[in-house]
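If you want the building blocks of each chain, they are given just below.
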Amino acid sequence: MSLVSLENVVKRFGSLEVLKGVSLEVDKGEIVAVIGRSGSGKSTMLRCINALEPVQAGRIMVDGIEVTAPGADHNKLRARVGMVFQSYNLFPHLNVERNVKLALKLVRRMSDAEASEVARRMVAKVGLEDKLLAYPDELSGGQQQRVAIARSLAMQPTIMLFDEITSALDPELVGEVLKVLEELAEEGMTMMLVTHEMHFARTVADRVVFMHEGRIHEEGPAEQILREPGTAELRNFLSAVLH
């Protein structure tokens, strides 16, 4: 039984068709790296999975919830689906602990003491226990991104979606964020990540999905597809990003 299932999903912005009948299955514990040029539909697909964008056709199921059904409970969905964006989206007026606690108290209805305990644990998990009382502007970009990951993990999601989470970071900070993802992978977290980090995709992902012009153009085991791309489009894309 797949944890995530997309069937012939179509997404348009006005007359622009961004997803042209995308079908994809993601199993529990699987790590899927989504690659492709800007404008190929990668980020839009993640946003549709998390119901941040409505679709015009097709069906999306996530952990037993039919996302695309009329009246679907999107709050229930977002309690199960963690999403981390390219921009960290931390509240600048809240310290690290309070940034992580906020949703636990509002959505999970935890007491302050309970939420504090979870926040401390999750912030330690991303290696920032000494920054618990720091404010976002006192942190590097990599540290802010790790806090954003901790905030998502605190909700105990069944799947994590990562949208280009290293692309705004200086190269020396990318490694510290990818290390957190590697640890999550070892723990069996189901993950879908839109990424340009090909080495990470090759070494950590189980499967690579290459999107091209709104469709899944090619997919397969990470090592194989990145070593022996089956289409000219993927070969051209890889030669552009690897050189």
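For the structure itself, look to the data block above.
The paragraphs below set out a description of the structure included in this document. (Residues numbered from 1 in each chain as written. Predicted model: local features only at pLDDT ≥ 70, side-chain atom pairs only at ≥ 80, totals over all residues. Heavy atoms only, no water.)

### Points about the environment of Glu 7
Its place among the elements puts Glu 7 in strand 1 (residues 2-13). A C-alpha to C-alpha distance of 8.8 Å links Glu 7 and Met 61, two positions 54 residues apart in sequence. (Helix = DSSP H or I, 4+ residues; strand = E, 2+ residues; numbered from the N terminus.)

### Quick word on the environment of Val 126
Examined against the element boundaries, Val 126 turns out to sit in the loop between helix 4 (112-125) and helix 5 (141-154). Taking the C-alpha atoms as reference points, Val 126 and Ala 148, separated by 22 residues in sequence, lie 9.8 Å from one another. Dropping the residues within four chain positions of it, Val 126 is found in contact with Arg 146, Ile 149, Ala 150 and Val 180. (Contact = heavy atoms within 4.5 Å.)

### Focus: the pattern of salt bridges
By the definition in use, this model includes 18 salt bridges. The closest approach of N and O atoms between Glu 7 and Arg 59, which form a salt bridge, is 3.4 Å. Of the two residues, Glu 7 sits in strand 1 while Arg 59 sits in strand 4 (residues 57-62), which places them 52 residues apart along the sequence. For the salt bridge of Arg 59 with Glu 66, the shortest nitrogen-to-oxygen distance reads 3.2 Å. On the basis of relative accessible area, Glu 66 is assigned to the partly exposed category, the value being 31%. Salt bridges here are not isolated pairs; linked through shared partners, they connect Glu 97, Glu 117, Arg 120 and Arg 121. (Salt bridge = Lys/Arg side-chain N within 4 Å of Asp/Glu carboxyl O. Buried < 20%, exposed > 50% of the residue type's maximum accessible area, 1.4 Å probe, protein only.)

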